[in-house]
Amino acid sequence: MERTWLFLTILSLVFCGYRCSSAQNEVARRRLLDELQTFNNLTWTYIEEFQHDLSSLSVNHILEVLIEQNITGNQKHMFCPKRNGIFHISVNSLKPFPVLCNSDIAGPGWMVVLKRSDGQTNFFRKWKHYQEGFGNLSSEFFIGLEKLHVLTYEKPHEVYYFLEDFEGNTRYARYDEFLVGNEASFYTLERLGEYSGDAGDAMSHVAGQRFYTYDMDNGNCRCATERSSAGWFKCCTKCNLFGPYLEGYYDMVHEYRAIWWEYWRGDQYSLKTVQMMIRPKCSC
């Protein structure tokens, strides 16, 4: 607006130079000087305000903004930013891929690697599917064993299991180390750290065990086949998070074929929601 008034004042002065009297020229000249002074003052005010705003932006703040926008130069994130949403990350030899990040359940920076919530996805699948991952990030999914291996070998990780029943009650189990081996080891659960939480320790039982699916189920009581599931088994396990989706207490005709955590609602109650999440330990 100020620039428009200044332009009109100059234009009127030029026009008046041809047709106005000396007195009128003097009035126009003084008006122009006043407008120039006002414009000059406003310009310096804007500059000072800009300098103040710029000085308040620390390097950490700028980096935080970049992280919030999921940008670091021309690179994709290696891990989750500190907010919810779906983001693309890039790790070592893997092509960039989308992940679901959650900062509400257990603090910032968690990556959801397994989600059960509505029964829309079939989890009774072959080895290849579990190796590569499957499902929909907006519903139910498993991130894939190869990604779990690469992620947990890139940096030390912890793992968090969030559980919810159909009455709205929640529990959690947290382990301060989580490391998955490579394909040659059948994605053995190489490390599972110290337990904390209120759901009970249902995972330490399978530390050091390989991963099983129904088509790769030899030598361990055929747990994947018997429980219509997949996972790390040791004749068999204390939880069944990859099992069929049922609702609450179920008839034992299903014979443990459900989603359960033994030390909370028991093995005859199928849970409503499960989220398995991992996070680099250095981001705590």
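Residues numbered from 1 in each chain as written. Predicted model: local features only at pLDDT ≥ 70, side-chain atom pairs only at ≥ 80, totals over all residues. Heavy atoms only, no water.

A. Geometry of the overall build of the chain. Helix and strand counts for the chain stand at six helices and 14 strands. Taken across its 284 residues, the chain has 42% of its residues classed as buried. For the chain, the proportion of contacts with a sequence separation of at least 24, taken over those separated by at least 6, is 51%. Taken as a whole, the chain presents about 15,400 Å² of accessible surface, with 52% of it coming from carbon and sulfur. (Helix = DSSP H or I, 4+ residues; strand = E, 2+ residues; numbered from the N terminus. Buried < 20%, exposed > 50% of the residue type's maximum accessible area, 1.4 Å probe, protein only. Contact = heavy atoms within 4.5 Å. Areas by Shrake-Rupley, 256 points an atom, 1.4 Å probe, with all protein chains shown as cover.)

B. Spotlight on the pattern of salt bridges. Within this structure, the stated rule accounts for seven salt bridges. A salt bridge links glutamate 158 to arginine 279, with the nearest nitrogen and oxygen atoms 3.2 Å apart. On the criterion of sequence distance, the pair formed by glutamate 158 in strand β6 (residues 157-164) and arginine 279 in strand β14 (residues 273-280) is long-range, its members being 121 residues apart. Judged on exposure class, the residue glutamate 158 and its partner arginine 279 are both buried. For aspartate 165, the salt bridge is made with arginine 265, and the minimal N-O distance between the two is 2.7 Å. On the criterion of sequence distance, the pair formed by aspartate 165 in the loop between β6 and β7 (170-180) and arginine 265 in the loop between β12 (248-249) and β13 (269-270) is long-range, its members being 100 residues apart. On the basis of relative accessibility, which here comes to 22%, the residue arginine 265 falls in the partly exposed class. (Salt bridge = Lys/Arg side-chain N within 4 Å of Asp/Glu carboxyl O.)

C. Structural context of unusual backbone geometry. A cis amide bond links cysteine 235 to the next residue, cysteine 236, at an omega of -5°. Structurally, the position occupied by cysteine 236 is in the loop between β11 (231-232) and β12. Despite not being glycine, phenylalanine 186 shows a phi value in the positive range, around 60°. For phenylalanine 186, the position within the fold is in the loop between β7 and β8 (189-192). Since its relative accessible area comes to 31%, phenylalanine 186 is described here as partly exposed. Backbone geometry at tyrosine 187 places phi at a positive 55°, although glycine is not the residue there. Following the sequence through the fold, tyrosine 187 ends up in the loop between β7 and β8.

D. Region of interest: the confidence of the model for the chain. Looking at the chain, the pLDDT average stands at 83 and 72% of residues meet or exceed 70. Ignoring residues within four places in sequence, the model shows residues 59-76, a span with pLDDT below 50, making 16 contacts including any to other chains. (pLDDT = per-residue confidence, 0-100.)

E. Spatial organisation of the side chain of glutamate 164. With respect to the helices and strands, the residue glutamate 164 is situated in strand β6. For the buried residue glutamate 164, which engages in no salt bridge, the nearest side chain bearing the opposite charge is lysine 272, 4.7 Å off. In this structure glutamate 164 touches Asn169, Thr170, Trp264, Leu271, Lys272 and Thr273, once residues within four positions along its chain are discounted. (Lys, Arg positive; Asp, Glu negative; His and termini not counted.)

F. Just the nonpolar core, in detail. Membership of the largest hydrophobic core comes to 51 residues, with the highest contact counts inside it found for Phe178, Met203, Trp232 and Trp261. Excluding its chain neighbours within four sequence positions, the residues that come into contact with phenylalanine 178 are Leu148, Thr152, His157, Glu158, Val159, Leu189, Arg191, Leu192, Trp232, Met276 and Ile278. (Core = buried A, V, L, I, M, F, W, Y, C linked by side-chain atoms within 4.5 Å.)

G. Geometry of the packing of aromatic side chains. According to the stated counting rule, one finds 24 aromatic pairs in the structure shown. Plain terms: the ring middles of tyrosine 161 and tyrosine 175 are 6.2 Å apart, the flat faces sit at 85° to each other, and that makes the pair edge-to-face. Note that tyrosine 161 is positioned in strand β6 and tyrosine 175 in strand β7, a separation of 14 residues in sequence. A residue is classified by how much of its surface remains accessible, and tyrosine 175, at 0% relative accessible area, is buried. Between the aromatic rings of tyrosine 175 and tyrosine 195, the centroid separation amounts to 5.6 Å while the plane-to-plane angle is 55°, which identifies the pairing as tilted. Linking tyrosine 175 in strand β7 with tyrosine 195 in strand β9 (residues 195-197), this pair joins segments that are 20 residues apart in sequence. These aromatic residues form a ring-pair network of at least three members: Phe123, Tyr130, Phe134, Phe142, Phe178, Phe211, Trp232 and Phe242. The cationic tip of arginine 116 hangs over the ring face of phenylalanine 123; the distance from NZ or CZ to the ring centre is 3.8 Å. (Phe/Tyr/Trp six-rings, centres within 6.5 Å; stacked < 30°, edge-to-face > 60°. Lys NZ or Arg CZ within 6 Å of the ring centre and 35° of its normal.)

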